[in-house]
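Given next are the chains, with one letter for each unit.
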Amino acid sequence: MAAFPVPGPWRRIRRAHVMVAGCAVALCTSVAAPVAADGGTTTAKPTIVLVHGAFADASSWNGVVERLQRRGYTVIAPANPLRGLYSDSAYIASVLDSIKGPIVLAGHSYGGALISTAAEGNPQVKSLVYVSALMPDVGESGMPLGAKFPSELGTATKSVPYRAGGVSGTDLYLKPDRIHPVFAADLPESTTRVMAVTQRPAATTAFSETANVAAWKHIPSWFLVAKQDKTINPDQERFEAKRAGSHMVEIDSSHVAMISHPDVVTDLVLQAATAADSARPALASTGTTHDARAETALTGIAVGSLIAGAGAILLGRRLRRSRP
């Protein structure tokens, strides 16, 4: 087909059409692209790090690990040494330092105290998740919190002296006949009998050493309250979550919610991971939530409208000039 020459005025009009269309495309692009805190876009899934508590090992997270892996997440469940808040949190911090990219850090029970310390100063940790956990403030330890909110844990433990590498101390074990009623009442007794044999003791320093930092003060957090928990008083869990401004959920569960309710715990971790995935979430608030991403989108619409309007005015003026 032959090409026909375009008269000068109509060539100018066509260029104006293109300019207005370009503004519309730029507007759509600016609204649709997810914006990260640093002004760029983010697509990489965070690595999920799951820290177990006292009397347990990393296998207590197995059900959650399987579900997160099916969703395409990289998951690490390190072995918690259970020797004391300072040394254990330093070890977990070293694990975090080996990870590239954003991190969602979750802790169960005593593991909650560790993630509050280990995350301090690490900009890669985007969210914290507490599952029926200790969440001490600066200057607090597990013992005074437990005294303020009594539970049945004191009746369920026994002390055993230990010696290792020239160091001696005291380990705490759960009494076998108390694991089911106090620790894991919603698991089969056959399961808790195995847990009694395979439990890992925690040194008393795990609960007596006071926290020097509290990362939840500046990192957004999610908290699962186990309403049937007899190891940590549910009122203590609520107190901690409200004090931190955590996004809180409550379920009918024993202390080991990640074993008895892995779907619910996984969903909570995914909430934190999704928030970390798209942009750095705000700290939870009891007041009005400020959505910076929505504000950015509205600003883009307003600017785009001004640009498109200016283009339309320019087009109208050129049309009028082109008339005979």
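Because the structure is predicted, anything quoted here is derived from the model rather than measured.

Analysis parameters
- Residues numbered from 1 in each chain as written.
- Predicted model: local features only at pLDDT ≥ 70, side-chain atom pairs only at ≥ 80, totals over all residues.
- Heavy atoms only, no water.
- Helix = DSSP H or I, 4+ residues; strand = E, 2+ residues; numbered from the N terminus.
- Contact = heavy atoms within 4.5 Å.
- Pairing = 2+ DSSP bridges.
- Axes fitted to C-alpha atoms, helices over the stretch in contact; angles between N-to-C directions.
- Buried < 20%, exposed > 50% of the residue type's maximum accessible area, 1.4 Å probe, protein only.
- Right-handed = clockwise from strand over helix to strand, strands pointing away.

Draft legend 1. The side chain of His255, seen in detail. Inspection of the secondary structure assignment puts His255 in the loop between β9 (247–251) and α10 (257–260). Those residues within four positions of His255 in sequence are excluded, and the remaining contacts are His108, Ser109, Ser132, Phe183, Asp229, Thr231 and Ile232.

Draft legend 2. Structural view of the sheet that holds strand β1 (residues 47–51). On the basis of which strands lie adjacent, the open sheet formed by six strands has the order β2-β1-β3-β4-β8-β9 and parallel pairing. Across the chains shown, the open sheet's two edge strands, defined by having one partner strand only, are β2 (75–76) and β9. Sheet topology note: the strand β3 (residues 103–108)/strand β4 (residues 125–131) ladder contains six bridges and is parallel. Residue pairing across strands places His108 opposite Val131, the latter belonging to β4. Of the strands in this sheet, β1 and β2 touch helix α2 (residues 62–70), which is tilted by about 180 degrees from β1.

Draft legend 3. Summary view of the sheet that holds strand β5 (residues 157–164). Spatially, three strands are ordered β5-β6-β7 in an open sheet, and the strand pairing comes out antiparallel. Two strands in the sheet have a free side with no partner beyond their single neighbour: β5 and β7 (202–203). Two elements, strand β6 (residues 167–174) and β7, share two bridges in a ladder whose sense is antiparallel. Paired with Leu172 across the strands is Ala202, a residue of β7.

Draft legend 4. Focus on the pairing of β3. The element β3 is largely enclosed, with a buried count of six among its six residues. Covered by surrounding structure in β3 are Ile103, Leu105 and Gly107 together with Val104, Ala106 and His108, the residues of both alternating faces. Both β1 and β3 contribute to a ladder of five bridges, which runs parallel. In the strand pairing of β3, Val49 is matched with Leu105. Regarding the hand of the β-α-β motif, the stretch spanning β3, helix α4 (residues 110–118) and β4 is right-handed.

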